[in-house]
Amino acid sequence: MTMTAVRHRRYGTPESLEIASGLPIPVAATDHVLVRVHAAGVSRGVVHMMTGSPILVLGASGGVGSFAVKLATRWGADVTAVCSARKARYVLEWGATRSFDYREGLSAALDDTYDVILDCAGGTPLARMRSSLQPYGTLVFVGNETGGALTGGYERPFAYQLRMTRHSQRFANLLVRTSPQDLDLLTAKARGGLRPHLHAVRPLAEVRESLNDLVPGRVVGKTALTLTETAHH
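Quick caveat, the model's predicted, so the values are computed rather than measured.

Conventions adopted
Residues numbered from 1 in each chain as written. Predicted model: local features only at pLDDT ≥ 70, side-chain atom pairs only at ≥ 80, totals over all residues. Heavy atoms only, no water. Pairing = 2+ DSSP bridges. Helix = DSSP H or I, 4+ residues; strand = E, 2+ residues; numbered from the N terminus. Axes fitted to C-alpha atoms, helices over the stretch in contact; angles between N-to-C directions. Phe/Tyr/Trp six-rings, centres within 6.5 Å; stacked < 30°, edge-to-face > 60°. Buried < 20%, exposed > 50% of the residue type's maximum accessible area, 1.4 Å probe, protein only. Lys NZ or Arg CZ within 6 Å of the ring centre and 35° of its normal. Core = buried A, V, L, I, M, F, W, Y, C linked by side-chain atoms within 4.5 Å. Contact = heavy atoms within 4.5 Å. Salt bridge = Lys/Arg side-chain N within 4 Å of Asp/Glu carboxyl O.

So, about the sheet that holds strand β7 (residues 133-141). If you walk across this open sheet you meet the three strands as β6-β7-β8, and the pairing is parallel. The open sheet has two free edges, formed respectively by β6 (114-119) and β8 (170-173), since each of these has just one partner strand. Here the strands of the sheet are splayed against their neighbours by 15° on average, with no regard to which way each runs. The pairing of β6 with β7 spans five bridges and is parallel. What sits directly across from Leu118, in β7, is Val140.

In this structure the tally under the stated criterion is one aromatic pair. When the ring of Tyr90 is compared with that of Trp94, the centres are 6.5 Å apart and the planes differ by 40°; the resulting orientation is tilted. Residue Tyr90 shares its accessibility class with Trp94, and that shared class is buried. Directly above the aromatic system of Tyr90 lies the positively charged group of Arg89, at a separation of 4.2 Å from the ring centroid.

Let us now look at the nonpolar core. Among the nonpolar cores identified, the biggest contains twelve residues, and these are Phe100, Ala109, Tyr114, Ile117, Leu126, Met129, Leu133, Leu139, Phe141, Tyr160, Met164 and Phe171. Counting residues per element, the ones that place at least two in this core are β6, α5 (126-131) and β7. Looking at this core element by element, the count peaks at three residues for β7. Not counting residues within four places of it along the chain, the set of residues in contact with Phe100 comprises Thr80, Ala81, Val82, Cys83, Gly105, Ala108 and Ala109. Residues Val47, Leu211, Val219 and Leu225 belong to the second largest nonpolar core, which totals eleven residues.

A full pass over the atoms with the stated rule returns seven salt bridges. Residue Arg9 is joined to Glu18 by a salt bridge in which the shortest nitrogen-to-oxygen separation is 2.9 Å. We classify Glu18 as partly exposed; its relative accessible area is 29%. A salt bridge links Asp213 to Arg202, with the shortest nitrogen-to-oxygen separation between them at 3.0 Å. Of this pair, Asp213 sits in helix α8 (residues 207-214) while Arg202 sits in strand β9 (residues 198-203); the two residues are eleven residues apart in sequence, bridging distant segments of the chain. Of the two residues, Asp213 and Arg202, neither departs from the other in class, the shared state being buried. Overlapping salt bridges bring together Arg202, Glu206, Asp213 and Arg218 as one network.

Dropping the structure here:
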């Protein structure tokens, strides 16, 4: 059996991606499991791997932000969302109480105080966010696009952690990690219809078009690339 896959041999634009067919399917070792993927989401992380520029930036209307809004409201939180104005109706449908346009309304959003601030973009000064946190509030840092090639944008969150060590407010630098306990908790919260917002469902061959939509911010939620027909006998 063979499969079709997207290859990436050099940094560049979506046109640098190569769609290759007839590739051999990996063989699992005795202590491994081979997983067949039916669909895959396209994220900003893919863009940074493609271009060679580090980290991840997602707003309230992106893949990470959309799940954050949905999960927070399921836990009973009163959520304020920041995204582009044309995507506001989506975050409100997901359960946010109010929405601010990040181009014009970020200052207005930060005039209030919050128990938790989830910073998905990384461009707001620490002092400004801390002034909007409750005395024992938590700032969760998800991503940043201002780092260099070696640090990957992590110099800012690490500096934030050092600057907040002597304060009652807590700083959490979110890194990707998975545990059975987290998955059990998410499964319990997902019961009753927690679903990702699909902007579009496209075949794998349209990966370039999908990335060209993602980069300028036209995507709401996730674009899914289907792979169910990419394995051939």
